[in-house]
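Architecture at a glance
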Amino acid sequence: MTITHVRTQVEPLGFKYTVRIDRALDEPENWQEEIATIRQAGEGDVIHLLLNTQGGNAYVMYGLLSALEQSTAHIICELEGMAASCGSFIFLCGDEFRVSPNAELMAHNASHGIYGKASDVSTYVNFSDQQFKKLLERYYTNFFTQEEITKMVDGKEFYMDSDEIMDRLEKRAELMQESEDTAGLLGDEEPCDLSGLSLRELK
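Reference entry: report on the structure contained in this document. (Residues numbered from 1 in each chain as written. Predicted model: local features only at pLDDT ≥ 70, side-chain atom pairs only at ≥ 80, totals over all residues. Heavy atoms only, no water.)

This part takes up the overall build of the protein chain. Helix and strand counts for the protein chain stand at six helices and seven strands. Written out in order from the N terminus, the α and β elements of the protein chain read β-α-β-α-β-α-β-β-α-α-β-α-β. Counting over 203 residues, the protein chain shows a buried share of 40%. Here the protein chain has roughly 12100 Å² of accessible surface; of this, 49% comes from carbon and sulfur atoms. (Helix = DSSP H or I, 4+ residues; strand = E, 2+ residues; numbered from the N terminus. Buried < 20%, exposed > 50% of the residue type's maximum accessible area, 1.4 Å probe, protein only. Areas by Shrake-Rupley, 256 points an atom, 1.4 Å probe, with all protein chains shown as cover.)

Okay, here's the thing in structure tokens:
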């Protein structure tokens, strides 16, 4: 029999990379495998982050955030338990979110642990405060209000359960969509990122 038309086609959709962020972010050298795995994923792939961490070292967080932001893969951030401190920034870096009914999120300003001459400590703390303030503005905008971010800079901690996390993710998605629509009307060449529009509360 001669086949004259091809009516079906099979193509691979990509790979799924599951990465567990389920311990304290301690030292950068202890997170090279996770960062390398994230960087290995490419377009058409899925990175599934399973988060349950109390946070930790900001420099480990910077490495993870850098890898996630540069990735062309679809990023699912699933909050299994706690996303505290640095963990909250990583959680908010997804394209899709899944939230366990028992999930919790905690956000606050940076904690410092440095010693040396008083002038050196003061210089570092001032620099670190400015760096972290920029981080809060970049990742927490639309998830927290500007008033809440200001209070966080001043030292207030925020805790929330799964219901509030989902509510804030939905509001964030709405605000990002409004910003995208406005950018389109104004003819901006680079519309804002619409990550975070897919939400799912796990049962």
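Counted according to the given criterion, the structure contains seven aromatic pairs. Aromatic pair Tyr-59 and Tyr-62: ring centres 5.6 Å apart, planes at 85 degrees, arrangement edge-to-face. Of the two residues, Tyr-59 and Tyr-62 are both situated in helix H2 (residues 58-70); the distance of three residues between them amounts to about one turn of the helix. Tyr-59 gets classed as exposed once you look at its relative accessible area, which sits at 52%. Since its relative accessible area comes to 30%, Tyr-62 is described here as partly exposed. (Phe/Tyr/Trp six-rings, centres within 6.5 Å; stacked < 30°, edge-to-face > 60°.)

Attention shifts here to H2. Spanning 13 residues, H2 covers 18 Å between terminal C-alpha atoms, matching the ideal 18 Å at 1.5 Å per step. Burial in H2 covers these residues: Val-60, Met-61, Leu-64, Leu-65, Ala-67 and Leu-68. Looking straight down H2, one finds its buried side chains confined to an arc of 165 degrees; they lie on one side. For H2, exposure combined with an orientation more than 90 degrees from the buried face picks out Tyr-59 and Gln-70. (Expected span 1.5 Å × (residues − 1). Arc of directions from axis to C-beta.)

One can find Leu-49 in strand E2 (residues 46-53). For the pair Leu-49 and Ile-21, spaced 28 residues apart in sequence, the C-alpha separation works out to 6.9 Å. Other than its neighbours up to four places away in sequence, Leu-49 contacts Val-19, Ile-21, Ile-38, Leu-68, Ile-76, Cys-77, Glu-78 and Ile-90. (Contact = heavy atoms within 4.5 Å.)

With that settled, the discussion passes to the environment of Tyr-159. Its place among the elements puts Tyr-159 in strand E6 (residues 158-161). Other than its neighbours up to four places away in sequence, Tyr-159 contacts Leu-105, Met-106 and Glu-164. Engagement of the side chain of Tyr-159 in a polar contact is seen with the side chain of Glu-157, the distance being 2.9 Å. (Polar contact = N/O pair within 3.5 Å; in protein donor to acceptor, adjacent residues only side chain to side chain.)

Once that is clear, we can look at the nonpolar core. By size, the foremost hydrophobic cluster in this structure holds 47 residues, and its most contacted members are Leu-49, Phe-91, Tyr-140 and Phe-144. Broken down by element, the residue count for this core peaks at six residues, all from H2. (Core = buried A, V, L, I, M, F, W, Y, C linked by side-chain atoms within 4.5 Å.)

This structure, assessed with the given rule, holds six salt bridges. Taking the shortest distance from any N to any O, the salt bridge between Arg-168 and Glu-148 comes out at 2.9 Å. Of the two residues, Arg-168 is situated in helix H6 (residues 162-186) and Glu-148 in helix H5 (residues 146-153); the sequence distance between them amounts to 20 residues. Neither residue differs from the other here; Arg-168 and Glu-148 are each classed as buried. A salt bridge links Glu-164 to Arg-168, with the nearest nitrogen and oxygen atoms 3.0 Å apart. One end of the pair, Glu-164, and the other, Arg-168, are both in helix H6, four residues apart, so they sit about a helical turn from each other. Look at Arg-168 and you get buried, because its relative accessible area is 14%. What you see here is one network of salt bridges that share partners, running through Glu-148, Glu-164 and Arg-168. (Salt bridge = Lys/Arg side-chain N within 4 Å of Asp/Glu carboxyl O.)

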